[in-house]
Amino acid sequence: MEIKDNEFSRQFETTTDGKTVAIEYSVQERKLFLTKVNIPEGVEEEPLLTDFLKEILSLAEERRQRVVPTHPKVAAFFRKNPGYKDMLPPGIRL
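Predicted, not measured: the structure shown is a model, and the values here were computed from it.

Asker: Can you lay out the overall build of the chain for me, pointing to particular residues and giving the numbers?
Answerer: The number of helices and strands found in the chain is two helices and five strands. Listing each helix as α and each strand as β along the chain from the N terminus yields β-β-β-β-α-β-α. Taking 94 residues into account, the globule formula puts the C-alpha radius of gyration at 12 Å, and the chain, at 13 Å, falls close to it. Its C-alpha atoms give the chain principal-axis dimensions of roughly 40 × 30 × 20 Å. Classification of the 94 residues of the chain by burial places 36% in the buried group. Contacts in the chain between residues at least 24 apart in sequence constitute 41% of all its contacts with a sequence separation of at least 6. Of the accessible surface of the chain, which amounts to about 6,000 Å², a share of 44% is contributed by carbon and sulfur atoms.

This is the structure we're talking about:
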């Protein structure tokens with residue numbers, strides 16, 4: 001999966017079946033806030049979102065950023081995948 005970091009729109013983007021899927025973010029003090037998930041209709045959400053978030057988290061790890069999931073779908077990903085909980089900032093519990 002190829003991810004584009006669109007810094008102007010502040011979103012990570014990928015294309016599947018000719019449709020653009022995006023997760024909006026903001027960066028503050030070495031923390032990556034994942035704020036909104038945009039998945040068009042007709043796209044299988046669960047496996048795509050899981051792979052997309054795994055790629056985003058590997059990018060955040062390379063940049064030495066902590067991740068704050070503010071969107072419910074992103075928070076659900078962290079609950080289902082406890083191996084990524086070490087990427088949460090101190091004091092964040094899901």
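Asker: Tell me about the pairing of strand 3 (residues 19-28), and name the residues and values.
Answerer: Across six bridges, strand 2 (residues 11-16) lies against strand 3 in antiparallel orientation. Across the sheet, residue Glu-13 finds its bridge partner in strand 3, namely Ala-22. Between strand 2 and the antiparallel strand that follows it, strand 3, lie two residues; Asp-17 among them carries a positive phi value of about 55°. Summarising the sheet, strand 3 and strand 4 (residues 31-38) pair through seven bridges and their orientation is antiparallel. Its bridge partner being in strand 4, Gln-28 is matched across the sheet by Lys-31.

Asker: Kindly report on helix 1 (residues 45-62), identifying the contributing residues and their values.
Answerer: One turn of an α-helix holds 3.6 residues; hence residues three or four places apart share an orientation. The terminal C-alpha atoms of helix 1, which comprises 18 residues, lie 26 Å apart, in line with the 26 Å expected from a rise of 1.5 Å per residue. Buried residues of helix 1: Leu-48, Leu-49, Thr-50, Phe-52, Leu-53, Ile-56, Leu-57 and Ala-60, and no others. Residues of helix 1 that are buried in the fold lie against strand 2, strand 3, strand 4, strand 5 (66-69) and helix 2 (72-80). Arg-64 sits one or two residues past helix 1 and shows a positive phi near 60°.

Analysis parameters
Residues numbered from 1 in each chain as written. Predicted model: local features only at pLDDT ≥ 70, side-chain atom pairs only at ≥ 80, totals over all residues. Heavy atoms only, no water. Helix = DSSP H or I, 4+ residues; strand = E, 2+ residues; numbered from the N terminus. Rg over C-alpha atoms; globule rule 2.2 N^0.38 Å. Buried < 20%, exposed > 50% of the residue type's maximum accessible area, 1.4 Å probe, protein only. Contact = heavy atoms within 4.5 Å. Areas by Shrake-Rupley, 256 points an atom, 1.4 Å probe, with all protein chains shown as cover. Pairing = 2+ DSSP bridges. Expected span 1.5 Å × (residues − 1).

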